[in-house]
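So the chains spell out like this:
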Amino acid sequence: MVRVVVFLGLVGVIALAAAWIADRPGEVVIVWLDHRIATSVAVLVAVAVLIAAAAILLWSVARGAASSPRRLARRRRERRAARGHQAIAGGLIAVGAGDARAA
């Protein structure tokens with residue numbers, strides 16, 4: 001219940017911030033290397049958010065690619081250990097049941 005309230009609170013704050021930015025028209029002019037970019041504040045904020053989201057996505061993909069060999073090796077090691085434990089358990093059960101062939 002607390003998570004829902006916190007989530008709704010965050011959504012409300014974001015909506016208020018978006019409405020506040022939309023209500024204040026303005027112009028942003030960027031001049032860089034003889035290029036002039038003129039846009040509204042809302043468009044600038046939206047582009048900044050998109051760039052941040054793309055950077056986070058690229059960073060996550062790069063981190064996942066860098067850690068995949070380690071994760072694959074760990075998974076293989078865990079599967080081998082599970083198969084070994086299963087074989088030992090099966091052998092002990094067979095010994096307890098008196099089944100020499102299965103043991």
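See the structure shown above.
Residues numbered from 1 in each chain as written. Predicted model: local features only at pLDDT ≥ 70, side-chain atom pairs only at ≥ 80, totals over all residues. Heavy atoms only, no water.

**Details of the overall build of the protein chain**
And step 1. Helix and strand content of the protein chain: two helices and two strands.
And step 2. Principal axes of the C-alpha set define a box for the protein chain whose edges measure 85 × 45 × 10 Å.
And step 3. By residue count, 4% of the 103 residues in the protein chain fall in the buried class.
And step 4. Summed over its atoms, the accessible surface of the protein chain is roughly 9200 Å², and 69% of this surface lies on carbon and sulfur atoms.
And step 5. Computed over 14 positive and 5 negative side-chain charges, the separation of the two mean positions in the protein chain equals 18 Å. (Helix = DSSP H or I, 4+ residues; strand = E, 2+ residues; numbered from the N terminus. Buried < 20%, exposed > 50% of the residue type's maximum accessible area, 1.4 Å probe, protein only. Areas by Shrake-Rupley, 256 points an atom, 1.4 Å probe, with all protein chains shown as cover. Lys, Arg positive; Asp, Glu negative; His and termini not counted. Charge placed at Lys NZ, Arg CZ, Asp CG, Glu CD.)

**Considering helix α2 (residues 41-97)**
And step 1. Within α2, the axis deviates most sharply at S67, by approximately 45°, and proline P69 lies no more than four positions further along.
And step 2. Every buried residue of α2 is accounted for by S67, G91 and A94.
And step 3. Backbone geometry just downstream of α2 places G98 in the positive-phi region, at approximately 85°. (Bend = angle between axes of the 7 residues up to and from the residue.)

**Examining helix α1 (residues 2-23)**
And step 1. Here α1 is 22 residues long and its end C-alpha atoms lie 31 Å apart, about the 32 Å a rise of 1.5 Å per residue gives.
And step 2. In terms of burial, α1 is largely open, as just zero of its 22 residues are buried. (Expected span 1.5 Å × (residues − 1).)

**A short note on a nonpolar patch on the surface**
And step 1. A cluster of nonpolar residues, I30, W32, L33, I37 and L44, forms a patch on the protein surface that exposes about 540 Å² of accessible area.
And step 2. As for its placement among the helices and strands, L44 is situated in helix α2.
And step 3. The partly exposed category is assigned to L44, whose relative accessible area is 34%. (Patch = residues over 30% accessible without salt bridge, like charges linked within 9 Å, V, L, I, M, F, W, Y side chains within 5 Å. Salt bridge = Lys/Arg side-chain N within 4 Å of Asp/Glu carboxyl O.)

**Here we look at a positive patch on the surface**
And step 1. A cluster of basic side chains, namely R75, R76, R79, R80 and R83, defines a positive patch on the protein surface.
And step 2. With respect to the element layout, R80 can be found in helix α2.

**Looking at the pairing of strand β1 (residues 27-32)**
And step 1. As paired strands, β1 and strand β2 (residues 35-40) are joined by six bridges and run antiparallel to one another. Looking at β2, one finds that V31 is bridged to R36.
And step 2. Here β1 hands over to β2 after two residues, with L33 in that stretch at a positive phi of 50°. (Pairing = 2+ DSSP bridges.)

**A look at the pattern of salt bridges**
And step 1. Within this structure, the stated rule accounts for one salt bridge.
And step 2. For the salt bridge of R74 with E78, the shortest nitrogen-to-oxygen distance reads 4.0 Å. Separated by four residues within a single helix, R74 and E78 lie in helix α2, roughly one turn from each other.
And step 3. Residue classification places E78 among the partly exposed positions, given a relative accessible area of 45%.

**Describing unusual backbone geometry**
And step 1. With a phi close to 50°, L33 is a non-glycine residue in the positive phi region.
And step 2. Along the chain, L33 turns up in the loop between β1 and β2.
And step 3. At D34, a position not held by glycine, the phi torsion is positive, near 65°.

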